[in-house]
Amino acid sequence: RVQSVAVRLIVEREREIHAFQTEAAYRITAVFLVPDTDGKLVEMKAELARRSKTKEEAKAFLNACQGASFAIDDITTRPVKKTPPAPFTTSTLQQEAARKLGFTTKLTMLIAQQLYEGVEIHGKGTTGLITYIRTDSVRIADEAQKAALEYISDTYGKDYVPKKPNIYKGRKGAQDAHEAIRPADIRLTPQEAKASLNASQYKLYKLIYERFIASQMTEARLETTSVSFDANGCTYRATGTKVLFPGYTAIYTEGRDDSAEEEAAIPAVNAKDVFKAEKVEKEQKFSQPPARYTEASLVKLLEEKGIGRPSTYAPTISTIIERGYVRREKKQLVPTELGFVVTKIMKENFSDIVDIKFTADMESKLDLIKDGEEPWKEVIR
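Residues numbered from 1 in each chain as written. Predicted model: local features only at pLDDT ≥ 70, side-chain atom pairs only at ≥ 80, totals over all residues. Heavy atoms only, no water.

### A few points about the pattern of salt bridges
For the structure shown, the criterion picks out 27 salt bridges. The shortest N-O distance in the salt bridge between R27 and E283 comes to 3.1 Å. Of the two residues, R27 sits in strand 1 (residues 24-35) while E283 sits in strand 9 (residues 279-286), which places them 256 residues apart along the sequence. Under the relative-accessibility criterion, R27 is labelled partly exposed at 22%. With a relative accessible area of 35%, E283 lands in the partly exposed category. As a salt-bridge pair, E210 and K206 come within 3.1 Å of each other at their nearest N and O atoms. Placement of both E210 and K206 in helix 7 (residues 199-215) is noted, with a separation of four residues, approximately one turn of the helix. (Salt bridge = Lys/Arg side-chain N within 4 Å of Asp/Glu carboxyl O. Helix = DSSP H or I, 4+ residues; strand = E, 2+ residues; numbered from the N terminus. Buried < 20%, exposed > 50% of the residue type's maximum accessible area, 1.4 Å probe, protein only.)

### Structural notes on the sheet that holds strand 8 (residues 274-276)
Overall, antiparallel pairing links the seven strands, which are arranged 8-3-6-7-2-1-9 in an open sheet. A strand with exactly one partner marks an edge of an open sheet, and here the two such strands are strand 8 and strand 9. Neighbour-to-neighbour, the strand axes of the sheet open up by a mean angle of 35°, direction not taken into account. Sheet topology note: the strand 2 (residues 41-48)/strand 7 (residues 234-245) ladder contains two bridges and is antiparallel. Its bridge partner lying in strand 7, E47 is registered against R237. On top of the sheet, helix 2 (residues 55-65) reaches strand 1, strand 2, strand 3 (69-82), strand 7 and strand 9; it is set at about 160° to strand 9, its chief contact. (Pairing = 2+ DSSP bridges. Axes fitted to C-alpha atoms, helices over the stretch in contact; angles between N-to-C directions. Contact = heavy atoms within 4.5 Å.)

No statement about biological role is implied by the geometric values presented.
Structure representation (structure tokens):
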């Protein structure tokens, strides 16, 4: 049920990529030198609010801006709060370890199992470093939360301790038998455990430890600023972000599937200030097809659609690769010819089995049977 649907999702994404029609557009950027608070000149980039579809139109915009004076006609500043991420579940651990450490889901589970079962720690003997690793709950024990808040207060100061402890809401249908994945003992920091762990164990333990501590800290407070410039009737915009209080980001920032750059802060400027552009340049940009799934983004999608359980993500991906339906290319999952053919045959002959909704419904029906709300014979029939 789960493997067939996983292959189907990868195959259908590949078909979308093949069918994608790319479109070109020109992005026009003006670069200014603006004095910062120390009087040093820093670069600030502003982008033309609209993109040009043709080379001729782009050239016309460029000519209109060469040597023009850019006057600031609007500055908008707004506060932004970033809430800390929840402690790890099996799927979010697999996703972050893939994004931040480059681990496959199989390797993540293998190392997590070692950390859970116990590692020989100098002076402590065999010690289990983390809680149970197959869980889709974000709940944590009260004593673990209390220990984390004391650690945060001692290490970072009271400003980093939230007024009310952070409570996270699990996704609908999550099984709550086990806690979230967290360090078994807050006092055993990654630095103290490092000498007893191999490189991969240390990296994963550090990731779990820092994510858990971050989940119990205050939110980050930021300020985003958007500046509009006008030059010969063309509107340019620059945006930037300034950190007012780091909160949980003092220890942890989440990995991303895309490669978007973090925006730098905007230097202090005032309405009606006028600047000459150091340079105005055009760059041809092409619209991008949808990205292939990585192990991280596939696990995220399977979880969102209610397909499979925490214990099935890693073996599912390993199996469809080992059986030759999918291959790993760099970090991306690419269907093979066999994957295309098998999916076509499955859709034609076993449409309910490769139906995404069937698998999710099956999962929820199994839950209803477990809770005694649905007779199993009816479901099986």
